[in-house]
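Read off the chains here:
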Amino acid sequence: MKGGLYGLRGKQLSLILLVLVCTTILIWAWEKTPLLTTLLPPQNRLLQLYPGAALESSSKPPIYRNKDISISPEDKEVVNGQEEKAFSLVDQLDPEKSSPGIWNSDSNVITPSDEKKGDPINVPKEESRDIRVPEGKSSSKKAEDVDLVVAAPISSVNKSSPLEGKEYKNSTISAGNQACNYAIGKWVEDDRRPLYSGFECKQWLSPMWACRLTQRTDFAYEKFQWQPKNCKMDEFTGSNFLRRMQDKTLAFIGDSLGRQQFQSLMCMITGGKESPDVTSVGWKYGLVKARGALRPDGWAYWFPGTNTTILYYWSASLCDLEPLNSTNPTTDYAMHLDRPPAFLRRFLNKFDVLVLNTGHHWNRGKLKANRWVMHVGGVPNTDSKIAEIGGAKNLTIHSIVKWVDSQLPKYPSLKAFYRTISPRHFFNGDWNTGGSCDNTTPLSDGKEVLKDESLDPVAVAAVKGTRVKLLDITASSQLRDEGHISRYSIRATPGMQDCLHWCLPGIPDMWNEILFAQL
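Quick notes on the rules
- Residues numbered from 1 in each chain as written.
- Predicted model: local features only at pLDDT ≥ 70, side-chain atom pairs only at ≥ 80, totals over all residues.
- Heavy atoms only, no water.
- Disulfide = S-S within 2.5 Å.
- Helix = DSSP H or I, 4+ residues; strand = E, 2+ residues; numbered from the N terminus.
- Buried < 20%, exposed > 50% of the residue type's maximum accessible area, 1.4 Å probe, protein only.
- Polar contact = N/O pair within 3.5 Å; in protein donor to acceptor, adjacent residues only side chain to side chain.
- Contact = heavy atoms within 4.5 Å.
- Pairing = 2+ DSSP bridges.
- Core = buried A, V, L, I, M, F, W, Y, C linked by side-chain atoms within 4.5 Å.

(A) Spatial organisation of the state of the cysteines. Applying the stated criterion across every chain, the model contains four disulfides. Here Cys180 engages in a disulfide with Cys231; their sulfurs sit 2.0 Å apart. When the S-S torsion is 125°, as for the bridge of Cys180 with Cys231, the disulfide is right-handed. Separated by 51 residues along the polypeptide, Cys180 in strand β6 (residues 179-181) and Cys231 in the loop between β8 (224-228) and α4 (238-244) bring together distant segments of the chain. Taking relative accessible area as the criterion, Cys180 reaches 2% and is therefore assigned buried. Counting only the cysteines that form disulfides, in the order they appear in the protein, gives the pairing 1-4, 2-5, 3-8, 6-7.

(B) Quick peek at the side chain of Asn381. Residue position: Asn381 is located in the loop between β17 (379-380) and α8 (384-387). A polar contact is formed between the side chain of Asn381 and the backbone oxygen of Asp383, at a distance of 3.0 Å. With residues near it in sequence (within four places) discarded, Asn381 still touches Met374, His375, Val376, Ile386 and Ala387.

(C) Representation of the sheet that holds strand β16 (residues 372-376) in the model. A sheet is described by the order of its strands in space; here four strands give the open sequence β13-β14-β16-β17, paired in mixed fashion. A strand with exactly one partner marks an edge of an open sheet, and here the two such strands are β13 (320-323) and β17.

(D) Just the nonpolar core, in detail. Grouped together as the largest cluster of nonpolar side chains are 59 residues, with contacts concentrated most on Phe241, Leu250, Phe252 and Ile310. With sequence-adjacent residues up to four places away left out, Leu250 is seen in contact with Phe241, Met245, Leu265, Thr309, Ile310, Leu311, Val353 and Leu515.

(E) The pairing of strand β9 (residues 249-254), seen in detail. Most of β9 is tucked away, with six of its six residues classed as buried. Burial along β9 is two-sided: the residues Thr249, Ala251 and Ile253 and Leu250, Phe252 and Gly254 are all buried. Here β9 runs beside strand β15 (residues 353-356); their pairing, made up of four bridges, is parallel. Within β15, the residue paired with Phe252 across the bridge is Val355.

(F) Molecular detail of the sheet that holds β9. In spatial order, the strands read β10-β11-β12-β9-β15-β18-β20; together these seven strands make up an open sheet with mixed pairing. Bordering the open sheet on either side are β10 (279-280) and β20 (469-471), each of which pairs with just one other strand. As paired elements, β15 and strand β18 (residues 415-419) share four bridges and run parallel to each other. Directly across from Val353, in β18, lies its bridge partner Lys415.

Shown next, in the form of structure tokens:
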């Protein structure tokens, strides 16, 4: 038995087994005993930096499960692109509220304001007002089936951009690793358009804006849809909108373009069909026709199936207007540039969504015709800079946005939007000098918006640093000069065209689709 295992003596076998057992115990103790493991250098200690370091050093965006993500109001977003250029929008009087004899307007040029440098984008843990987990995915208990929302990578912010600090608030975070800006995109043909009939939506649509009821014969402008570049917009249907607005109230407050957006939305929700179940509730908001008035100051309608209210209040300047002598029917009115309308102050607590706009009533002719006298701080204005139309308008827009922002902590469920200015398209003159918009070929001047910066920098500056969101429709609407009322206005004056208001169905429908996407 030499050289074999069987030749070993009993003591040798016992010794070998003892060594094996001791070695096993030693290895097990090394792995399980904390004291021993401290002798090894931790593999992840060099990665435990400040919380944001992982994001800044990684090219991959962070992934959040089962959470909505948005940019908080305090966060700043730096935009890449060229320097903002002045965008001239000559103000026009609104034919609804004034007579043709007083249509005298001043030029109002929007110019970029000086702004401080913005901070890099931060992804908050609690704020979740804009972004929703993408719809259409089935839920499951398995971790791998949970819907994902991907935040924009920090590296996407270009700190050396010439537009650094020029914040653009109409953007959200979308799956796809890029910021979602609904103002950037293109118009595409869509045979499913329009979303309602201009012939049928007589319950909500004013005849003067229903171009199907006029002598106009070209309607190609109705067959286009706005397609944002990096955003997926849910298809608008009346039922989808009402479900999203269950037990809520949406208020439009602004000028006649705001009224167009309101009427457009009512037609979109109902598909332009007669809806006898929809009830007028204007009386709840004091929106009743006064004695001698042509119309009430607004309208409100209630959809009983979802307890949803949609309303519009006419406030062309977004200023509080107060008669200086209530006993005199021809009295002047104090136009409080730094005070929001009394209607808004009274009913804000009842709103869940608020959309503000102003712009085309800011001209000398309109102020004079309405006997509006500028006031600041409760007294007549004496500041020559504010007395200029542009200065007064800017003060008002900034004042009302700041005021709404100050109220949002009291009403955390309220979403507030400021809509940018709707462009006018007078060619070869102005409204009173033979200007026209006779083009009937859609998108003859381009179909795509590529630049990040808004064409309404005054609105951008106003919402900067606030929780009021920007509903930016200016650049996309600028491409649609063929969509105006043009020569087909019911109340047309020879030699004058309406190149301010839009045919409905038409461009304001797109404004509501973008609004719907952000609700």
